[in-house]
Structures are given as structure tokens and as C-alpha cells.
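Report on the structure
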Amino acid sequence: MYRQTLTKIPSRGLAIASSRRAFTTTFRAMAAGDTGSPNKLGSLGGQGDAFKNREKANEDYAIRQREKEKLIALQKVVKEQQQHLAKLSEHIDAVTKDQGGEHN
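Residues numbered from 1 in each chain as written. Predicted model: local features only at pLDDT ≥ 70, side-chain atom pairs only at ≥ 80, totals over all residues. Heavy atoms only, no water.

1. A look at the overall build of the protein
Per the secondary structure count, the protein includes 3 helices and 0 strands. When the helices and strands of the protein are listed from N to C terminus, the series reads α-α-α. In the protein, buried positions account for 1% of the 104 residues. In the form shown here, the protein has an accessible surface area of approximately 10500 Å², with 56% of it arising from carbon and sulfur atoms. (Helix = DSSP H or I, 4+ residues; strand = E, 2+ residues; numbered from the N terminus. Buried < 20%, exposed > 50% of the residue type's maximum accessible area, 1.4 Å probe, protein only. Areas by Shrake-Rupley, 256 points an atom, 1.4 Å probe, with all protein chains shown as cover.)

2. Remarks on the pattern of salt bridges
If you walk through the whole model with that rule in mind, you get 1 salt bridge. Between Lys56 and Asp60 there is a salt bridge, and its shortest N-O distance comes to 3.0 Å. Residue Lys56 and its partner Asp60 are both found in helix α3 (residues 50–99); the two are separated by 4 residues, about one turn of the helix. Classification of Asp60 by relative accessible area gives partly exposed; the value is 29%. (Salt bridge = Lys/Arg side-chain N within 4 Å of Asp/Glu carboxyl O.)

3. Focus: the confidence of the model for the protein
For the protein, the mean per-residue pLDDT works out to 75, and 49% of the residues sit at or above 70. Looking over the protein, one finds the lowest element-wise mean pLDDT in helix α1 (residues 2–8), namely 53, and the highest in α3, namely 94. (pLDDT = per-residue confidence, 0-100.)

The following block contains the structure:
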């Protein structure tokens with residue numbers, strides 16, 4: 001009965017905003033700590049959901065792996081350079097021994 005009176009009222013010029021809409025929703029209020037309630041900082045901060053945490057952990061792991069591979073490659077290059085420097089040092093020692101002069 002109440003619904004019928006509301007639909008008749010707009011014809012008299014007393015329009016109600018919700019009566020003009022075909023589909024309306026209501027805001028669902030939740031208290032802090034309820035299941036499904038947003039955290040204190042809203043959707044932009046805080047702990048986030050489990051999927052975000054897992055995704056961030058996977059990304060962090062992949063980044064650490066790439067950095068580890070780069071570090072291993074750099075260590076290999078440094079080792080090769082040290083070997084090359086050792087060979088050059090031996091060569092310099094051999095050349096300076098044959099020249100004579102001051103004997104070390």
C-alpha cells in the first residue's frame with residue numbers, strides 16, 4: 001500500500017529521487033573488525049588482502065633471483081679479471097728479470 005502511494009505522488013509533482021531510478025543500492029555500513037570491512041587506511045594502505053601479499057612476495061622473490069644471477073655473473077667477471085691481472089704481473093716480472101739492472 002505504501003509503495004502505491006509513493007508511485008502516485010510523483011504524478012502530483014512531489015518527486016522522490018529513489019522513485020525515478022530503476023535500480024538502487026544501499027550503502028552497507030560495517031564496524032571496524034567485521035569480516036569484509038575495509039582497514040583503517042582504506043584500500044590504499046595497510047595489510048591488504050592475501051592475494052596482494054602473495055603477489056608482492058612472488059615479485060620480491062623474482063627480483064631477488066635476478067639480482068642474485070647478476071651478482072654471480074659479476075663475481076665471475078671479477079675472478080677472470082683477477083686471473084688476467086695475475087698473468088700480467090707474472091709477465092711483467094719475467095720481462096723485468098731479463099732486463100737486468102736492479103734485482104728484486
